[in-house]
Amino acid sequence: MVGETVSAYSFSQKNQVKTLASAVYVKTPSGGQIELDPQHLYQRLLLMGVGDILLSELLGYELCSLPATLFDNYMRMRTGDKAELIHHLVKLVPESVVSTLPTTGLRYVIDGGGLLHKFAWPKNSTYAEICTLYVRHVSSSYANATVVFDGYHGPSTKDEAHRRRSSNDVGGTVSVTKEMRLTMSKKAFLGNSSNKQALIYLLADEMGRAGIHVEHGTRKCRLQDYLSEGLCVCLRKYSSCCCRRL
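All values derive from a computational prediction rather than experimental measurement.

With the rule as written, the count across this model stands at three salt bridges. The salt bridge partner of arginine 209 is glutamate 206, with a shortest N-O separation of 4.0 Å. One end of the pair is arginine 209 and the other is glutamate 206, both in helix 9 (residues 193-209) and three residues apart, which spans about a single turn. Shared partners join several salt bridges into a network, and the residues in it are Lys178, Asp205, Glu206 and Arg209.

As structure tokens, then:
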């Protein structure tokens, strides 16, 4: 360093000054990384310098632009643990309620979105043949069923889950008619919301012809919607809810 000009000398990395802008990530006890907003940290330090607020109180809140508990480092919403949620909900239902349900007069409310992912689609099959798979399954497995489909007409709270599920494998928009054949993978087809909605309309029409009641919604149907129609909904560890008339 002695005898060298300022422009010619460079400090080693360990001796270089680190600014707040370089503190982009912090390590977690588990070894992961959480994104840090330097501006938030700077604002907290300013408040500590001009007031009597303790540092522990200032740093008791997240320093991220978005809550790390809800979003990951790529700004994608984290997925919820539905299996764990159902496990706790089932515990809240007394065994006496489940065991005393009648065996006749039951109505099964089936999640149409989950039903679409239940079967593998044969290659080069027509959309009529694909619909037949679902119609045959519902007709043979449920005596009195109502299939409820989400609406895919615009932005919704499930868009992030749909993007994560498709993993950028989104097929082109195609014409969905009975005689047309599937020319892409099931994942790519369902990744396109237009294709998915067109198949839902075709499937709903085929189910209606088979005597299966179908409901469409522009949002996720709530249990209150069925309770208002006189249906009692119970919690089950299955892909469909078992309901009965009051």
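What follows deals with the packing of helix 6 (residues 127-141) against helix 9. Where helix 6 contacts helix 9, the two axes come as close as 9 Å, and the packing angle between them is 50°. One finds that helix 6 runs oblique with respect to helix 9. Where helix 6 crosses over helix 9, the handedness of that crossing is right-handed. Contacts between helix 6 and helix 9 involve Tyr127, Cys131, Tyr134, Val135 and Val138 from the former and Leu199, Leu202, Leu203, Glu206 and Met207 from the latter. Tallied by class, residues from the contact of helix 6 with helix 9 come to nine nonpolar, no polar and one charged.

With that settled, the discussion passes to a nonpolar patch on the surface. Residues Leu45, Met48, Leu55 and Leu59 make up a contiguous nonpolar surface patch of roughly 300 Å² in combined accessible area. Note that leucine 59 resides in the loop between helix 2 (55-58) and helix 3 (82-92).

What follows deals with the environment of glycine 171. Looking at where glycine 171 falls in the secondary structure, it is placed in the loop between helix 7 (159-166) and helix 8 (186-191). The spacing of glycine 171 and lysine 186 is 15 residues in sequence and 9.3 Å in space, taken between C-alpha atoms. Ignoring sequence-local partners within four residues, the contact set of glycine 171 consists of Met184, Ala188, Asn192 and Asn195.

It is worth spelling out the packing of aromatic side chains at this point. Any pair of aromatic rings gets described here by the distance separating the centres and the angle formed by the planes. The full count for this structure, using the stated rule, is four aromatic pairs. Ring geometry for tryptophan 121 and phenylalanine 189: centres 5.5 Å apart, planes at 70°, overall edge-to-face. With tryptophan 121 in the loop between helix 5 (112-116) and helix 6 and phenylalanine 189 in helix 8, this pair connects stretches of sequence that are 68 residues apart. For the ring pair tyrosine 127 and phenylalanine 189, a centre distance of 5.5 Å and an interplane angle of 35° mean the geometry is tilted. On the criterion of sequence distance, the pair formed by tyrosine 127 in helix 6 and phenylalanine 189 in helix 8 is long-range, its members being 62 residues apart. Members of the aromatic cluster, joined through ring pairs, are Trp121, Tyr127 and Phe189.

What follows is about the nonpolar core. By size, the foremost hydrophobic cluster in this structure holds 28 residues, and its most contacted members are Val138, Phe189, Leu199 and Met207. Elements with a contribution of two residues or more to this core: helix 5, helix 6, strand 4 (145-149), helix 8 and helix 9. Residues contacting leucine 199, with those up to four places away along its chain left out, are Leu116, Trp121, Tyr127, Cys131, Val176, Phe189 and Leu190.

Before going further, it helps to spend a moment on the side chain of threonine 146. Note on placement: threonine 146 falls in strand 4. At 2.7 Å, the side chain of threonine 146 and the side chain of arginine 107 are in polar contact. Excluding its chain neighbours within four sequence positions, the residues that come into contact with threonine 146 are Arg107, Tyr108, Val109, Ile110, His213 and Glu215.

Here we come to the side chain of asparagine 195. Looking at the element boundaries, asparagine 195 is found in helix 9. From its side chain, asparagine 195 meets the backbone oxygen of glycine 172 in a polar contact 2.9 Å long. Look past the residues within four positions of asparagine 195 in its chain and what remains in contact with it is Gly171, Gly172, Thr173, Val174, Val176 and Phe189.

So, about unusual backbone geometry. For asparagine 124, which is not glycine, the phi dihedral falls at a positive 60°. Checked against the element boundaries, asparagine 124 lands in the loop between helix 5 and helix 6.

Reading the values: rules and limits
- Residues numbered from 1 in each chain as written.
- Predicted model: local features only at pLDDT ≥ 70, side-chain atom pairs only at ≥ 80, totals over all residues.
- Heavy atoms only, no water.
- Salt bridge = Lys/Arg side-chain N within 4 Å of Asp/Glu carboxyl O.
- Helix = DSSP H or I, 4+ residues; strand = E, 2+ residues; numbered from the N terminus.
- Axes fitted to C-alpha atoms, helices over the stretch in contact; angles between N-to-C directions.
- Parallel < 35°, antiparallel > 145°, perpendicular 65-115°, else oblique.
- Left-handed = near helix turned anticlockwise from the far one by under 90°.
- Contact = heavy atoms within 4.5 Å.
- Nonpolar A, V, L, I, M, F, W, Y, C, P; charged D, E, K, R; others polar.
- Patch = residues over 30% accessible without salt bridge, like charges linked within 9 Å, V, L, I, M, F, W, Y side chains within 5 Å.
- Areas by Shrake-Rupley, 256 points an atom, 1.4 Å probe, with all protein chains shown as cover.
- Phe/Tyr/Trp six-rings, centres within 6.5 Å; stacked < 30°, edge-to-face > 60°.
- Core = buried A, V, L, I, M, F, W, Y, C linked by side-chain atoms within 4.5 Å.
- Buried < 20%, exposed > 50% of the residue type's maximum accessible area, 1.4 Å probe, protein only.
- Polar contact = N/O pair within 3.5 Å; in protein donor to acceptor, adjacent residues only side chain to side chain.

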